[in-house]
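# Chains, contacts and geometry: an overview
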Amino acid sequence: MSKSLRLSEKWFRRGLWLVALVFASFLIGLGGTIVNDLPKVERVLQLDDFIDLAAAGPLRSTIKSSEEKELAASRELDQVRLQLTAAQQASANARETFGNWIATRRATAQPDQDPELIARTKSLDALKQKEDEAQRKVAAQRQIVLDARQAEQRARESLAVLERAAQEKLEAEYRRVELRVFGYRLALTLPLLVVAGWLFVKKRKGTYWPFVWGFIFFALFAFFVELVPYLPSYGGYVRYVVGILATVLVGRYAIVALNRYLARQKLAEQQPDQVRREELSYDTALTRLGKGVCPGCERPVDLKNNEIDFCPHCGIGLFDHCGQCETRKSAFSKFCHACGTSALPRVPLASAASSADSFTPGGPAQPAV
Ligand SMILES: [Zn+2]
Ligand SMILES: [Zn+2]
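In short, a report on the structure.

Criteria and thresholds
Residues numbered from 1 in each chain as written. Chains lettered and ligands numbered in written order. Predicted model: local features only at pLDDT ≥ 70, side-chain atom pairs only at ≥ 80, totals over all residues. Heavy atoms only, no water. Donors = N, O, S within 2.8 Å, 3.2 Å for Na, K, Ca; no water. Tetrahedral: all angles 85-135°; square planar, octahedral: opposite > 155°, others 65-115°. Helix = DSSP H or I, 4+ residues; strand = E, 2+ residues; numbered from the N terminus. Buried < 20%, exposed > 50% of the residue type's maximum accessible area, 1.4 Å probe, protein only. Contact = heavy atoms within 4.5 Å.

### Observations regarding the coordination of the zinc ion (ligand 2)
Within the first shell, the zinc ion (ligand 2) binds the protein through Cys322 (SG), Cys325 (SG), Cys336 (SG) and Cys339 (SG), at distances of 2.2 to 2.3 Å. One can describe the site at the zinc ion (ligand 2) as tetrahedral: its four donor atoms subtend angles covering 107 to 111° at the metal. Mapping the donors of the zinc ion (ligand 2) onto the primary sequence gives the spacing C-x2-C-x10-C-x2-C. Here Cys339 lies in the loop between β2 (328-330) and α8 (346-357) and Cys325 lies in the loop between β1 (319-321) and β2, a separation of 14 residues in the sequence.

Right, here's the structure in full:
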């Protein structure tokens, strides 16, 4: 792109590249906004969309009620355990008192105390009964807790089976959604890429090249950022296959372009010196000379050597002599640097000279080979 050696033109070109980049960035921003404003085509999927609700509903309510039951029962269990402890304590105390009393009674052996003995035994029995009652309550609450827990466990196991099936369906649906999203994005980006490819081939050197390149950057961004990450993977197969295809396409393009360039170059090298010189643009020739290569065949040539007037590789004339003052000068410069004579009028002279050199009585229609 920067074939010109004019300073201002160089800077203009840099500015135009900047225009291309800015244009691309605005296109990217606009594209992103459009994509964001598109109606959301996919709603978020949930497990419940795929579970057998008729079967799962009762199971879930069973789990819930069992949990509540278990919680209430464990609270109640704490209470009755406390009661049991109190009853056991009371019973133990009473037994101790009774033991002491009976020991005293044996020592005194008073038969008038027999009714009291009976009464005390009775109250002891009552305490024991209370203790048993509390024990039974504890056992009953434990049973309730256990039942609730087991019911919950059973419900959870059945629910897990349902959920696994639903999960598989959900994942399958996600894969379909992924594919659909990719399809939408492909439908948006592929035309852009095709247009960009056409522009690259046909228009990249046109007058409006900054806009063309801006569009190409935009299409590449859309392809690599908006599309490639959404490529369905299928375990990596798709990505690798697409990568291989893209590499083959780009590689093929490069190889064809190289061969075309070489063929063009070969053809050009067969042309007569003057035709080749006319086909080369002035700026291209100067740029190549500045890099120390032959403007005709782009092979390195020692331009500082005063002995070399012609390219040893392709034979194009590199230096000639001014028609006016005979100063040795670059064959590509338009004016003689010593006397300022235009090199152009020399052209018919040179062709006349060359036709005179290789003069054949055959005809004057010889230059167009
Ligand atoms: Zn050459
Ligand atoms: Zn001169």
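Structure shown, so let's carry the discussion forward.
### Topic: the coordination of the zinc ion (ligand 1)
Surrounding the zinc ion (ligand 1) are the protein donor atoms Cys294 (SG), Cys297 (SG), Cys311 (SG) and Cys314 (SG), at 2.2 to 2.4 Å. Angles of 103 to 114° at the metal separate the four donor atoms of the zinc ion (ligand 1), which places the site in the tetrahedral class. For the zinc ion (ligand 1), the donor residues sit on a single chain with the sequence spacing C-x2-C-x13-C-x2-C. Taken as a pair, Cys311 and Cys314 share a single burial class, namely buried.

### Topic: the side chain of Glu152
By the secondary structure assignment, Glu152 is in helix α3 (residues 114-203). Residue classification places Glu152 among the buried residues on the basis of a relative accessible area of 12%. Excluding residues within four positions of it along the chain, Glu152 makes contact with Ile63, Ser66, Glu67 and Glu70.

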